[in-house]
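Chains, contacts and geometry: an overview
One-letter residues, chain by chain:
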Amino acid sequence: MQSPTQASLLKVDDITMAFGGIVAVDKLSLTVKAGEILALMGPNGAGKTTTFHVIAGVHMPNSGTITFDGQDITRLRPDGRCRAGIGRTFQITQPFAELTVVENVMVGALPHHRTMAEARAEARRYVDMVGLGGRADVLAKGLSTGQRKRLEMARAMATRPKLLLLDEVTGGVDMKSLPGIIELVKKLRDEGLTLIIIEHNMKAITELADRAIFMNRGVRMAEGTPAEIASHPEVIELYLGEGDAHA
Ligand code: ATP
């Protein structure tokens, strides 16, 4: 018999999340298998970030359940979910500006170690992994947007997640830096991570995602391979009908 882990690492079942009268996520269900990259797409206000918040435990849903690694985590707080193996990055990067790159990553690594030196050594490995080895000792406030995105990923890796939620890691990144960020996400997958990515960039979605879900007004409108989703009329209008705005 298949264990729950083999069947799906994450199962979001019939989740609704409302803020007053605004239903941000409306009876949403999704599953993510171990080792998979799932992309969440949709226009502004579609409910993508709220879905991340509900999975990470920032918001308790009004109804529905979330099962992770065979455990019902619906009522678990964010720190419990982090310990269970759910890591995340934020759309707006928020490093500790006055700490160095490696110190920022140490914050995530500290709970796993008894000494600062051990935490620093592990943090340094993630800093190298994301390609910031040459910037390890500079203050985080001195980083470019692309470098901040890499730092976010290193910080999340330091919490040792099984599932990583990446919120627009290509957002605000210039065309020159985009291939490097895409390669980095592939590297995280190759490290054995399962990923859900909120992504607007079709090139990134096509290169990275095994599956994509297109949301609008809190509802799942379509699900399929990136190629299948790209032929959905609303997706064409939103992503492909705007010249190279998201290309
Ligand atoms: P974007 O691409 O702009 O980040 P999104 O798809 O991530 O959009 P959400 O941020 O999840 O969308 O927002 C979905 C809806 O829920 C929006 O109408 C938003 O205004 C509303 N919303 C989200 N968070 C809150 C909150 N804390 N309080 C009230 N309304 C909220």
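The written sequence of each chain sets the order in which its residues are numbered from 1. With the structure being a predicted model, the display of local features is reserved for residues of pLDDT at least 70 and the display and counting of side-chain atom pairs for 80 or more, all residues being used for whole-chain, interface and lining totals. Hydrogens are left out, water is left out, and the side-chain values use all remaining heavy atoms of the structure.

1. Observations regarding the sheet that holds strand 8 (residues 194–198)
Strands qualify as paired when DSSP identifies two bridges or more between them. Only DSSP runs of H or I covering at least 4 residues are called helices, and only runs of E covering at least 2 are called strands; the numbering of each starts at the N terminus. As summarised here, the arrangement of the six strands in space is 6-7-8-3-9-10, forming an open sheet in which the pairing is mixed. The outermost strands of the open sheet, each flanked by one partner alone, are strand 6 (86–88) and strand 10 (219–224). Averaged over all neighbouring strand pairs, the angle between strand axes comes to 20°, with direction disregarded. Sheet topology places strand 7 (residues 163–167) next to strand 8; five bridges connect them, and they run parallel. Its bridge partner lying in strand 8, L166 is registered against I197. Between two residues, a contact is recorded if the distance between any of their heavy atoms is within 4.5 Å. To get an axis, a line is fitted to the C-alpha atoms, and for a helix only the part in contact is used. The angle between two axes follows their N-to-C directions and goes from 0 to 180 degrees. Where helix 2 (residues 48–56) meets the sheet, it contacts strand 3 (37–41), strand 6, strand 7, strand 8 and strand 9 (211–216), and its direction lies at approximately 150° from that of strand 7.

2. Points about the sheet that holds strand 4 (residues 63–68)
In spatial order, the strands read 2-1-4-5; together these four strands make up an open sheet with antiparallel pairing. Only two strands of the sheet have a single neighbouring strand rather than two, namely strand 2 (22–32) and strand 5 (71–72). Alignment of strand 4 against strand 5, held across two bridges, turns out to be antiparallel. Counted as the bridge partner of F68 is Q71 from strand 5. Each of strand 1 (10–19), strand 2 and strand 4 is contacted by helix 2, which is oriented at about 115° to strand 1, the strand it contacts most.

3. A short note on the site of the ligand
In the vicinity of the ligand there are 13 residues, among which G45, G47, K48, T49 and T50 approach most closely. For this analysis, a polar contact is any N or O atom pair within 3.5 Å, provided that within protein one partner can donate a hydrogen and the other can accept it, and provided that sequence-adjacent residues contribute only side-chain to side-chain pairs. At 3.3 Å, a side-chain N or O of N44 approaches an oxygen atom of the ligand. Measuring from an oxygen atom of the ligand, one finds a backbone N or O atom of T49 at 2.8 Å. Here, Shrake-Rupley sampling with a 1.4 Å probe gives the accessible areas, and only protein chains in the shown set may cover a residue. Protein contact buries 64% of the 630 Å² of open area that the ligand shows by itself. The greatest single-element share of the shell around the ligand, amounting to three residues, is contributed by helix 2. Split by residue class, the shell around the ligand holds five nonpolar, seven polar and one charged. Distances are taken per atom, and a residue is near a molecule or strand as soon as one of its heavy atoms is within 4 Å of it. When residues are grouped by polarity, Ala, Val, Leu, Ile, Met, Phe, Trp, Tyr, Cys and Pro land in nonpolar, Asp, Glu, Lys and Arg in charged, and all others, Gly among them, in polar.

4. Considering the packing of helix 6 (residues 145–157) against helix 7 (residues 178–190)
Across the interface, helix 6 lies against helix 7 with an axial gap of 11 Å and an inter-helix angle of 10°. On the basis of their axis angle, the class for helix 6 and helix 7 is roughly parallel. Residues G146, K149, R150, M153 and M157 of helix 6 pack against G180, I181, L184, V185 and L188 of helix 7. A class-by-class count of the residues in the contact of helix 6 with helix 7 yields six nonpolar, two polar and two charged. Note on angle classes: values under 35 degrees are labelled roughly parallel, values over 145 roughly antiparallel, values of 65 to 115 roughly perpendicular, and the remainder oblique.

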